[in-house]
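# A look at the structure
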Amino acid sequence: MFRNQYDTDVTTWSPTGRLFQVEYAMEAVKQGSAAIGLRSRSHVVLACVNKAQSELSSHQRKIFKVDDHIGVAIAGLTADGRVLSRYMRSESINHSFTYESPLPVGRLVVHLADKAQVCTQRSWKRPYGVGLLVGGLDESGAHLYYNCPSGNYFEYQAFAIGSRSQAAKTYLERRFESFQESSREDLIKDAIMAIRETLQGETLKSSLCTVSVLGVDEAFHLLDQESIQKVIDTFEKVPEEEEDAGEGDAEPEAATGAAGTGEQGGSGDQDVAPMEI
Amino acid sequence: MTTFTVPIDNGDSVRIAEEESQRTLYPYVTGTSIVAIKYKDGVLMASDMGGSYGSTLRYKNIERVKAIGKHSLLGASGEISDFQEILRYLDELTLNDNMWDDGNSLGPKEIHNYLTRVMYNRRNKFNPLWNTLVLGGVKNGKSYLGMVSMIGVSFEDDHVATGFGNHLARPILRDEWHADLSFEDGVKLLEKCMRVLLYRDRSAINKLQIAKITEEGVTVSQPYSLKTFWEFSSFHNPTAGAEGSW
């Protein structure tokens, strides 16, 4: 990104109507390791790449259970993600306590977005540097949302965020039309294959990814390494060429997130503010 | 009893005003029993339209059963002003719920639990809402019927009754309620309970409403009266067995 004279604090507009600090926060999301979400009519799968800092350390947790019916995968500043997950858990449990009923995920996502917006309009705060893929169930079925540091949120059939997520997005774009009617197993397989796309040639092993599932009759939980490896074994018999890594990534902008009709491309443009995607 | 003092400076001297904190000590205008049952298509709830001021039957046109949102009915016995306060809370709650406009809505279970929280919290502050509430409703084909008392005791059941109804209506309901009552049988059962209450509860009046809630919505009947029979032989000469008494 370029140096700008209007980027010192979040409450300064640029002459072209941009808040650079917010855009820089969204860059932080792109630097984090990849997270992927997909949904069908009845299930949502969240998956992420686990890259440890060094061989000596363990990897960071990027997928959190918010409630039996809501889970979140993050990319970006993990610390910010952890704090927001705690907020989400708190909102969810308070709602359950008062109404003895699960908090509709659509409402949680709006609370989260409003919280993020506050940080874009206070001079003494900074935006959260984390993108959240929130998957959950409510009365109207399964939903997948993406919350970004700008305070915007969008609903998706499938989405990927973080570094090299474009490869995963390209894979998902080819397949997303079938996801609504997918079985649970196919959805998990598609998630793991999308993860594979972001690894760009590295062999896919179950130790490199975390996969979680929630559904109409299934509380949110992480899949164990064995189950993941079994799915990998069904397609990773011969390491395949990354045929979609070279596809272009400048796609036309759609208007703000259409509900459940597909995903957005176009990360990496320089003329339009990313927050407007 | 907590009192606190507020010093007031009126120029010459300082007077101290004592303010006793306001909390409910006893009810003033009260409604009597509510009786409600689950039936085939939903829930039926009956109440009379009386508001007693102590032993005087002062108000005869009080609606003690109200529709809440799209899916619920709330009936109350006890202090009428507290019932009106609760209706205001629920109005705010359902308004905010509607404003989300997102395909989700609060069902009877959620409202029942919300009310339980409210009643229990007030009880803990020694400032109760002096009501026993009956919450019935239907959502997504499932019927729901529950009760909350002024001390926050809360439960669900197939048939409930408050006040005198606890003693007079419950035994009838236990004997004669069964699942999948038709609308006509449900109304007959409720009327049987209400008739006993009319004979035996001195704060009951002969003007009642029966409200029905089904998946389609709420209907509250027009007020009507029950037929009563007073020609029992022992009523003709009640002191026959004990001359001089009444």
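Okay, so let's go over this structure. (Residues numbered from 1 in each chain as written. Chains lettered and ligands numbered in written order. Predicted model: local features only at pLDDT ≥ 70, side-chain atom pairs only at ≥ 80, totals over all residues. Heavy atoms only, no water.)

The next thing to look at is helix α1 (residues 80-100) of chain B. All names here are of chain B. Over its 21 residues, α1 runs 31 Å from end to end, which matches the ideal 30 Å to within 8%, given 1.5 Å per residue. The complete set of buried residues in α1 reads I80, D82, F83, I86, L90, L93, T94 and D97. Down the axis, α1 shows its buried residues gathered within 140 degrees of arc, on one side only. Residues of α1 that are exposed and angled more than 90 degrees away from the buried face: D91, L95 and M99. Following α1 by one or two positions, D101 has its phi on the positive side, about 45 degrees. (Helix = DSSP H or I, 4+ residues; strand = E, 2+ residues; numbered from the N terminus. Expected span 1.5 Å × (residues − 1). Buried < 20%, exposed > 50% of the residue type's maximum accessible area, 1.4 Å probe, protein only. Arc of directions from axis to C-beta.)

Residues and elements named next belong to chain A. Looking at the element boundaries, K115 is found in helix α3 (residues 105-118). Sequence separation between K115 and L214 is 99 residues, and the spatial gap between their C-alpha atoms is 25 Å. For K115, the contacting residues outside a window of four places in its chain are L84, Y87 and Y128. (Contact = heavy atoms within 4.5 Å.)

Attention now goes to the pairing of strand β9 (residues 72-79) of chain B. Residues and elements named next belong to chain B. Counting buried positions over the eight residues of β9 gives eight, a clear majority of the element. With two bridges connecting them, strand β3 (residues 29-31) and β9 associate as antiparallel partners. Pairing of G31 across the sheet is with G78, part of β9. Bridge count between strand β8 (residues 65-68) and β9: four bridges; the pairing is antiparallel. Note that in β9 the partner of I68 across the bridge is S72. Taking the residues that link successive antiparallel strands as the turn, the β8-β9 hairpin has three residues, and the phi of G69 there is positive, at about 60 degrees. Bridge count for β9 against strand β10 (residues 131-139) is seven bridges, and the pairing is antiparallel. (Pairing = 2+ DSSP bridges.)

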